[in-house]
Number of protein chains: 2
Amino acid sequence: MLYEISEKVIRLQNEGKAIIKFNVGDPDQATSPDIINAAVKAMRDGKTKYGSSAGDAKLRQWLAEMYAVRPDNVVITPGSKWAIFAMVSLLLKNGGNIIVPSPHWSSYALIAHHVGAELRLLKRDLESEWETPPETLRRLIDAKTRLIILNNPDNPTSKVMDSRNLEAIVELANENQIPILSDETYADISFVKVRSILDWEGPHLLVHSFSKTFAMTGWRIGFAILDRELAEQMVKLNQISISNVPLFTQEAAVKALELKDAISREMREVYRRRAALACRILSKTPLQFTQPDAPFYLFPKGDVDSEAFALKLIDKGVAVVPGTAFGEYRSHFRISLTMPEESIQTGLEIIAEECR
Amino acid sequence: MLYEISEKVIRLQNEGKAIIKFNVGDPDQATSPDIINAAVKAMRDGKTKYGSSAGDAKLRQWLAEMYAVRPDNVVITPGSKWAIFAMVSLLLKNGGNIIVPSPHWSSYALIAHHVGAELRLLKRDLESEWETPPETLRRLIDAKTRLIILNNPDNPTSKVMDSRNLEAIVELANENQIPILSDETYADISFVKVRSILDWEGPHLLVHSFSKTFAMTGWRIGFAILDRELAEQMVKLNQISISNVPLFTQEAAVKALELKDAISREMREVYRRRAALACRILSKTPLQFTQPDAPFYLFPKGDVDSEAFALKLIDKGVAVVPGTAFGEYRSHFRISLTMPEESIQTGLEIIAEECR
């Protein structure tokens with residue numbers, strides 16, 4: 001279905017039709033020229049040779065200080081997705097199941113499927129503000145549960161787990177000695193405070209990315225923070241697969257961290273304004289939705305079959321992702337606010353019109 | 001053992017000692033400024049967003065024309081190693097065995113091990129000029145053989161398979177309907193003509209890299225040429241793991257292809273001179289070796305235990321890789337000529353002295 005939508009978008013664009021692409025989670029901002037210049041300098045300084053499969057010492061050191069861990073606990077990866085792929089491959093190699101709150105980013109499910117792990121979805125709903133109920137988690141855990149994946153802030157709901165809810169989930173994981181993989185890709189540009197999984201004791205793993213905070217999606221750089229033994233296994237897997245993240249990309253990442261406060265504040269404010277605008281428009285429609293705690297998404301629910309609705313919307317010049325891409329959420333659809341306010345306004349008014 | 005050697009090299013370097021590093025297959029040349037400039041322009045033009053998991057259309061088209069295939073048969077990968085990892089993961093997911101002529105690049109064995117495939121080594125020897133005997137291959141093939149990996153030109157022997165030998169191997173593979181994965185990473189800078197696996201009919205796969213031809217090892221870009229069905233599977237695997245090779249890197253690769261004739265000619269000549277120099281020096285020692293057909297390596301055999309020999313050499317300021325890193329070749333060691341002639345001369349004279 002996603003394929004059908006993106007094919008239709010491409011076809012219409014090739015025919016010269018403008019499409020407002022609420023379907024893609026790729027920030028419209030350019031990567032900061034300072035970050036680009038750091039990469040350029042590194043390339044021209046000859047940082048074009050093989051590097052360490054664990055990542056460059058300087059970047060690992062910087063991240064270790066940020067997260068109060070040792071450099072040995074940091075592995076630089078070509079995107080947070082690779083970090084997730086690698087962790088799931090390593091932790092589930094002898095089978096078992098993974099618990100993931102749903103709605104969920106489809107990659108978690110596809111990676112679990114690829115490694116032959118059973119995926120157990122923990123159903124959440126809009127009515128309870130997308131809370132992750134501990135009692136449901138307790139029922140899903142069994143002796144073969146090897147991993148719980150949390151996405152905090154969450155794609156597609158843009159909710160940040162409240163501290164009490166997260167606390168309960170971590171306690172349950174710890175009781176059962178199950179690691180939590182916390183994907184905190186959107187944490188640094190969240191509108192509200194996000195408690196990191198690293199705030200708790202336990203065998204937990206963090207993945208993060210430079211993609212969203214710094215508008216660096218296409219650069220492919222992220223990182224994992226994990227115990228030393230699993231870090232060593234991940235480095236060995238990197239050695240036989242992706243080899244290393246380019247050193248010039250890692251230099252760009254170091255520059256990004258130097259500029260993190262200013263860039264993340266700017267990103268947060270841009271998306272806060274966009275989210276406020278979007279909520280204002282959608283609140284005048286029959287659509288139900290929760291206030292986003294973080295960029296970039298809204299996941300409204302309507303009296304629609306979102307697959308049919310999405311196909312119809314494309315003909316009106318607007319692309320969205322049907323909720324079925326994130327689990328059993330046929331009445332929902334996802335809107336990504338990765339475009340200027342003017343386009344958001346135009347696009348949402350078209351959606352509002354269709355929902356009337 | 002490799003780890004022990006590289007740790008020792010790092011320790012001595014940190015102590016301020018100069019080491020002639022014959023142990024690393026990373027060309028000493030800089031990436032061409034024209035290639036770097038193409039990447040810089042692309043970055044500044046905003047090619048920093050998500051791209052296709054199959055690769056950018058322009059680069060795929062160019063490679064398709066070079067290899068007389070369709071763009072659908074080309075997948076751009078973060079290094080040829082990723083292409084090999086992905087293919088082996090896909091073709092061996094239900095078990096089976098892989099046949100690899102030995103001595104062999106250690107990554108083939110580590111990848112096979114990672115995916116749980118049985119590795120069957122086809123033993124070659126210096127005395128028969130590293131020929132790959134078809135009769136030995138025939139004995140190794142059984143109903144569970146899913147893949148044959150050839151490295152042509154070969155690391156560590158730097159031999160190019162002669163056309164008659166390759167023909168016999170392909171015939172045997174075709175009789176048994178076994179795909180050959182031909183890793184032709186060193187083909188474009190070979191001193192002698194290399195027949196590509198694509199010259200033959202059959203379900204064969206090619207992997208190639210920009211690393212060696214263009215001194216782009218750290219950029220992480222390579223490609224696979226394969227049948228459309230497997231290409232689609234590889235794209236799906238890319239989608240859930242590495243996502244895409246950065247678009248600016250792909251622009252650099254397009255520029256590299258534009259300059260391929262001049263750059264590969266220059267690289268070939270530099271390494272031809274280095275190889276001639278190295279052979280001249282080594283021919284005055286008791287070491288046995290075959291003439292290299294391609295960059296970068298020599299794989300001499302001596303009356304030594306190469307692990308002890310390698311450790312001893314480091315204390316003299318020279319690092320080599322013991323033959324045991326490439327299979328059961330304890331009397332051999334690998335020398336990589338990725339440094340200026342002056343260093344090659346100094347380093348090989350130290351080795352010659354130790355072999356006396």
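Reading guide: rules and limits
Residues numbered from 1 in each chain as written. Chains lettered and ligands numbered in written order. Predicted model: local features only at pLDDT ≥ 70, side-chain atom pairs only at ≥ 80, totals over all residues. Pairing = 2+ DSSP bridges. Helix = DSSP H or I, 4+ residues; strand = E, 2+ residues; numbered from the N terminus. Buried ≥ 20, exposed ≤ 12 C-beta atoms within 10 Å, placed from the backbone. Domains from an automatic or database assignment. Contact = placed C-beta atoms within 7 Å. Axes fitted to C-alpha atoms, helices over the stretch in contact; angles between N-to-C directions. Least-squares fit on C-alpha atoms with pLDDT ≥ 70 in both. Core = buried A, V, L, I, M, F, W, Y, C linked by C-beta atoms within 7 Å. Nonpolar A, V, L, I, M, F, W, Y, C, P; charged D, E, K, R; others polar.

Residue and element names in this part refer to chain A. Taken in spatial order, the three strands make up an open sheet running β9-β12-β11, and their pairing is antiparallel. Strands with a single pairing partner mark the edges of an open sheet, and in this sheet they are β9 (297–298) and β11 (321–322). Strand direction decides the pairing type here: β9 and strand β12 (residues 333–336), joined by two bridges, are antiparallel. Along β12, the bridge assignment pairs Tyr297 with Ser336.

Attention now goes to the environment of Leu230(B). In this structure, Leu230(B) sits in helix α8 (residues 228–239). On the neighbour-count criterion, Leu230(B) (19 C-beta atoms within 10 Å) is partly exposed.

Moving on to the domain arrangement of chain A. Residues and elements named next belong to chain A. Segmenting chain A into domains produces domain 1 (2–25 + 261–355) and domain 2 (33–258). Between domain 1 and domain 2, the C-alpha centre-to-centre distance is 26 Å. In this assembly, 23 residues from domain 1 lie in contact with 24 residues from domain 2. Counting residues per element, the ones that place at least two in the side of domain 1 that touches domain 2 are α10 (260–282) and β9. Broken down by element, the side of domain 1 that touches domain 2 gets its largest block of residues, six residues, from α10.

The next point concerns the pairing of strand β7 (residues 205–209) of chain A. Residue and element names in this part refer to chain A. With five of five residues buried, β7 is to be regarded as a mostly interior element. Side chains of β7 alternate between two faces, with Leu205, Val207 and Ser209 and Leu206 and His208 buried alike. As paired strands, strand β6 (residues 180–183) and β7 are joined by three bridges and run parallel to one another. Within β7, the position partnered with Leu181 by the bridge is Leu205. As judged from the four bridges shared by β7 and strand β8 (residues 222–225), these two strands associate in the antiparallel manner. Across the sheet, Ser209 pairs through a bridge with Gly222, a residue of β8.

Further remarks concern the sheet that holds strand β7 (residues 205–209) of chain B. Residues and elements named next belong to chain B. The mixed open sheet is built from seven strands, whose spatial order is β2-β8-β7-β6-β5-β3-β4. Since the sheet does not close on itself, it has two edges, and those belong to β2 (74–77) and β4 (118–123), each with one partner. The mean angle between the axes of side-by-side strands here comes to 20°, regardless of whether they run parallel or antiparallel. Its contacts with the sheet put helix α4 (residues 80–91) on β2, β3 (97–102), β5 (145–151), β6 (180–183), β7 and β8 (222–225), and the angle it makes with β7 is roughly 155°.

Moving on: the relation of the copies chain A and chain B. One copy of the chain maps onto the other through a rotation about an axis plus a displacement along that axis. Taken as rigid bodies, chain A and chain B are interconverted by a rotation of 180° and an axial shift of 0.0 Å, the fit giving an RMSD of 0.0 Å. Taken together, these values place the two copies in the relation of a two-fold axis. Taking C-alpha positions as reference, the residue of chain A nearest the rotation axis is Val40(A), located at 3.2 Å. A share of 100% of interface residues in chain A that are also interface residues in chain B marks the association as one of identical surfaces.

Quick look at the nonpolar core now. Soluble globular proteins: nonpolar side chains tend toward being buried together. Ranked by internal contacts, the top residues of the largest apolar core, which has 214 residues, are Ala39(A), Val88(A), Ala224(A), Ala39(B), Val88(B) and Ala224(B). Excluding residues within four positions of it along the chain, Ala224(A) makes contact with Val75(A), Thr77(A), Ala83(A), Met87(A), Leu205(A), Leu206(A), Val207(A) and Met234(A).

In this section: the interface of chain A and chain B. Contacts between the two partners involve 34 residues from chain A, matched on the other side by 35 residues from chain B. Considering each element in turn, the side of chain A that touches chain B owes the most residues, five residues, to helix α2 (residues 33–44) of chain A. Taken together, the residues of the side of chain A that touches chain B sort by class into 17 nonpolar, eleven polar and six charged.

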